Amino acid sequence: MIEVIELSRRYGDFVAVDKLSFEIGGGEIVGLLGHNGAGKTTIMKMLSGYLEPSSGRVWIDGIELGQQPRAVQRRLGYLPENLPVYPEMLVADYLDYAARLKGLRGSPCRDEIRRAVKATDIGSKLLAPIATLSRGFKQRVGVAQAILGRPRLLILDEPTNGLDPAQTQQMRSLIRELAQDATVILSTHIMQEVDALCDRVLMMRSGRLVVDAKLAELRSIDQLLLATDLAPGVLEPLLPGGACLQHSSQQDGHYRYRIRPAEGQPLASLSTELARAVLAADGRLIQLAPLQRDLETLFREVNEQPEVADAA
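Nothing here was measured: the structure is a model prediction, and the numbers come from that model. Think of each chain on its own: its residues are numbered from 1, step by step along the sequence as written. Per-residue local features of the predicted model are confined to residues with pLDDT of at least 70, and side-chain atom pairs are confined, for both listing and counting, to 80 or more; whole-chain, interface and lining totals are unaffected and use all residues. Computation of side-chain values covers all heavy atoms of the structure but excludes hydrogens and water.

Student: I keep staring at the sheet that holds strand E7 (residues 153-157) and nothing clicks. Help me out?
Tutor: Pairing between the strands of a sheet comes from backbone hydrogen bonds, and it takes one of two forms, parallel or antiparallel. Here, a strand pair is defined by DSSP locating no fewer than two bridges between the strands. Only DSSP runs of H or I covering at least 4 residues are called helices, and only runs of E covering at least 2 are called strands; the numbering of each starts at the N terminus. The sheet built from six strands is open, its strands ordered E6-E7-E8-E3-E9-E10 with mixed pairing. With partners counted over all chains shown, the strands left at the sheet margins are strand E6 (76-79) and strand E10 (208-214), one partner each. Averaged over neighbouring strand pairs, the angle between their axes works out to 15° when direction is ignored. Pairing between strand E9 (residues 200-205) and E10: six bridges, direction antiparallel. Residue Val-201 lies in a different strand from E10, and its bridge partner there is Ala-213. Packing of helix H11 (residues 295-304) onto the sheet brings it into contact with strand E3 (29-33), E9 and E10, and relative to E9 it is tilted by some 25°. What counts as an axis is a line fitted to C-alpha atoms, over the stretch in contact for a helix, and the angles between N-to-C directions run from 0 to 180 degrees. Residues are treated as being in contact if the distance between any of their heavy atoms lies within 4.5 Å.

Rendered as C-alpha cells:
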C-alpha cells in the first residue's frame, strides 16, 4: 500500500527527516512514535503531499506521489494535530465543503456526510458553529472530514486528543473499523493508544527511523527477572548453559538481575536450573519470573542512547 524510499527533508543545513525507508501493507494500523522534534509531523506532511521532500520517493496505492499528487490525495484522509477549520462555519456546511474538495457531488456526497456523521457521533452538533464546539467535538469533526470518501490511507495525528474515556473507546472502535478497508498511520504520544490499536510501530529519533517492528515481536519474552541475596560475583559463575547476566541492581538488601538465556535455551529450563543453582548456593530466591519488555520501556531505551543528529 505504501512504499517510502530514502525520504529526506532539509531546511538549509538542518535535516528534519533523514533517508527514511519503509513499507506498509493494506489494512495495517501502524503507530508513528517519537519525542517532539523527532520528525513525525514532517513525515506526515510529506506523505499527504502537503510538504515536498528534499529527496526520496513515495508510492501510495501504486501511484507515485511526486508524479500524481492529486490522484494520491484523493485516496487519503488526513487529520493534523491542530486541524485548520473555519470557526464561523456550521459543522454541516464545513463537512459539505470538505466533501466537495474531495470531489464528491450529489447523492454520493450526502451519503458520505451521513456516514461520517454517524461514525463520529456528531449529529447533535450539525447546526452548531464550529467556534462553539468543545475540544472533543472539534476533534471528532476533524476525524469526520478525514474519513469522507472512504480513503485508502488514513493519517491521524493525535486522534484522541481532547476526548473523554468513552469517546476514546468509540474512536478506537472507529479506527479498527476503518482499517478493514484502509491503511492507518497513527501518530500519538499516548503509548496505550499504540498498544490498543496498532499492529506495528515505527519509532523516530532525530529524523531517523530507529525501530520498525511488529508489536507482537516487541512484546516477546526473552529474559528472566531474578531477585536474590546472592551478589553478582557469586551468582554469575552459577548461571547455567551459557546464560548471561544483562543487568544488576541492588535494592532493599537484595539484588535484582536481568538474565538472558543462551541461543536456543528455553526460558522454562533456564528458570528451573537457575532456581536450583541459587538454592544450592544457600541463596534466597525472592523472585524469578519472565521479563516482558513493553513499548514504553523500549521507547525509553531508544531515547536514552546518545544523540546522533538533530531533527524536527
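Read on, since the account is not over.
Student: Help me understand the packing of aromatic side chains, please; the structure alone is not making it clear to me.
Tutor: Two numbers describe a pair of aromatic rings. These are the distance of the centres and the angle of the planes. Note on aromatic contacts: the rings of Phe and Tyr and the six-membered ring of Trp form a pair at centre separations within 6.5 Å, being stacked when their planes are under 30 degrees apart, edge-to-face when over 60 apart, and tilted otherwise. In this structure the tally under the stated criterion is two aromatic pairs. With a centroid separation of 5.8 Å and an interplanar angle of 80°, the aromatic rings of Tyr-86 and Tyr-97 are classed as edge-to-face. With a gap of 11 residues between them, Tyr-86 in the loop between E6 and helix H3 (91-101) and Tyr-97 in helix H3 connect regions that are remote in the sequence. Think of it in three bands: residues with accessible area under 20% of the maximum for their type are buried, residues over 50% are exposed, and the middle band is partly exposed, with areas taken using a 1.4 Å probe on protein chains only. Residue classification places Tyr-86 among the partly exposed positions, given a relative accessible area of 36%. Seen in terms of ring centroids, Tyr-255 and Tyr-257 are 6.2 Å apart; in terms of plane orientation they differ by 20°. Their pairing is stacked. Taking relative accessible area as the criterion, Tyr-255 reaches 18% and is therefore assigned buried. Geometrically, a charge over a ring is one whose NZ (Lys) or CZ (Arg) sits within 6 Å of the ring centre while staying within 35 degrees of the ring normal. Across from the ring centre of Phe-137, 4.1 Å away, lies the NZ or CZ of Arg-140, which sits over that ring.

Student: Explanation requested: unusual backbone geometry in the structure shown.
Tutor: When glycine is set aside, most residues are seen to have a negative phi, and most peptide bonds are trans. Backbone geometry at Glu-158 places phi at a positive 50°, although glycine is not the residue there. Relative to the helices and strands, Glu-158 is located in the loop between E7 and helix H6 (165-178). At Ser-206, a residue that is not glycine, the phi angle is positive and equals roughly 55°. Along the polypeptide, Ser-206 turns up in the loop between E9 and E10. The class for Ser-206 is buried, based on a relative accessible area of 9%.

Student: Just to check I follow, could you spell out the confidence of the model for the protein for this structure?
Tutor: Parts of the prediction with low pLDDT should not have their coordinates interpreted in detail. Confidence scores labelled pLDDT are given residue by residue by the predictor and lie between 0 and 100. On average, the protein scores 89 in pLDDT, and the residues at 70 or more come to 96%. The low-confidence segment residues 308-312 (pLDDT under 50) makes 18 contacts with residues lying over four places distant or belonging to another chain.

Student: Hey, could you run me through the nonpolar core in this one?
Tutor: A general trend in soluble globular proteins is that nonpolar side chains are found buried together. Leu-33, Leu-95, Ile-122, Val-201, Met-203 and Leu-295 are the most contacted members of the largest nonpolar core, which totals 48 residues. Considering each element in turn, this core owes the most residues, six residues, to helix H5 (residues 135-147). Core analysis: the second largest hydrophobic core is formed by 28 residues, Val-17, Leu-20, Ile-24 and Ile-60 among them. Residue types Ala, Val, Leu, Ile, Met, Phe, Trp, Tyr and Cys, when buried and joined through side-chain atoms within 4.5 Å, form a set referred to as a nonpolar core.

Student: Explanation requested: the environment of Val-117 in the structure shown.
Tutor: Its location among the elements puts Val-117 in helix H4 (residues 106-120). On a C-alpha basis, the gap between Val-117 and Leu-95 in space is 9.0 Å, while along the polypeptide they are 22 residues apart. Those residues in contact with Val-117, other than ones at most four positions away along the chain, are Leu-95, Ile-122, Gly-123 and Leu-126.

Student: When you look at the side chain of Glu-158 in this model, what are you seeing that I'm missing?
Tutor: Lys and Arg are tallied as positive, Asp and Glu as negative. Neither His nor the chain termini are counted. Just to be clear on terms, a salt bridge is a Lys or Arg side-chain nitrogen sitting within 4 Å of an Asp or Glu carboxyl oxygen. There is no salt bridge for the buried Glu-158, and the closest opposite charge comes from Lys-40, which lies 6.5 Å off by N-O distance. In this structure, Glu-158 is in contact with Glu-81, Gln-139, Ser-187, Thr-188 and His-189, ignoring residues within four places of it in sequence.

Student: I keep staring at a nonpolar patch on the surface and nothing clicks. Help me out?
Tutor: Nonpolar side chains (Val, Leu, Ile, Met, Phe, Trp, Tyr) within 5 Å and like charges within 9 Å form the patches, drawn only from residues with over 30% relative accessible area and no salt bridge. Each accessible area value is a Shrake-Rupley result obtained with a 1.4 Å probe; residue values ignore everything except the protein chains displayed when judging cover. Nonpolar side chains collect at one region of the surface, where Tyr-86, Tyr-97 and Leu-101 lie side by side and expose about 310 Å² of accessible area between them. By secondary structure assignment, the location of Leu-101 is in helix H3.

Student: Any chance you could explain the packing of H3 against H5 here in plain terms?
Tutor: If you want to describe how two helices pack, look at the angle between their axes and the distance between the axes. Relative to each other, H3 and H5 sit at 25°, their axes nearing to 9 Å. By the angle between their axes, H3 is roughly parallel relative to H5. Crossing of H3 against H5: the hand is right-handed. Contacts between H3 and H5 pair Val-91, Tyr-94, Leu-95 and Ala-98 from the former with Val-141, Ala-144 and Gln-145 from the latter. Residues belonging to the contact of H3 with H5 are distributed by class as follows: six nonpolar, one polar and no charged. For this classification, under 35 degrees means roughly parallel, over 145 means roughly antiparallel, 65 to 115 means roughly perpendicular, and everything else is oblique. In this scheme, a crossing is called left-handed if the near helix is turned counterclockwise away from the far one by less than a right angle; it is called right-handed if the turn is clockwise. Polar here means any residue outside two lists: the nonpolar Ala, Val, Leu, Ile, Met, Phe, Trp, Tyr, Cys and Pro, and the charged Asp, Glu, Lys and Arg; Gly therefore counts as polar.

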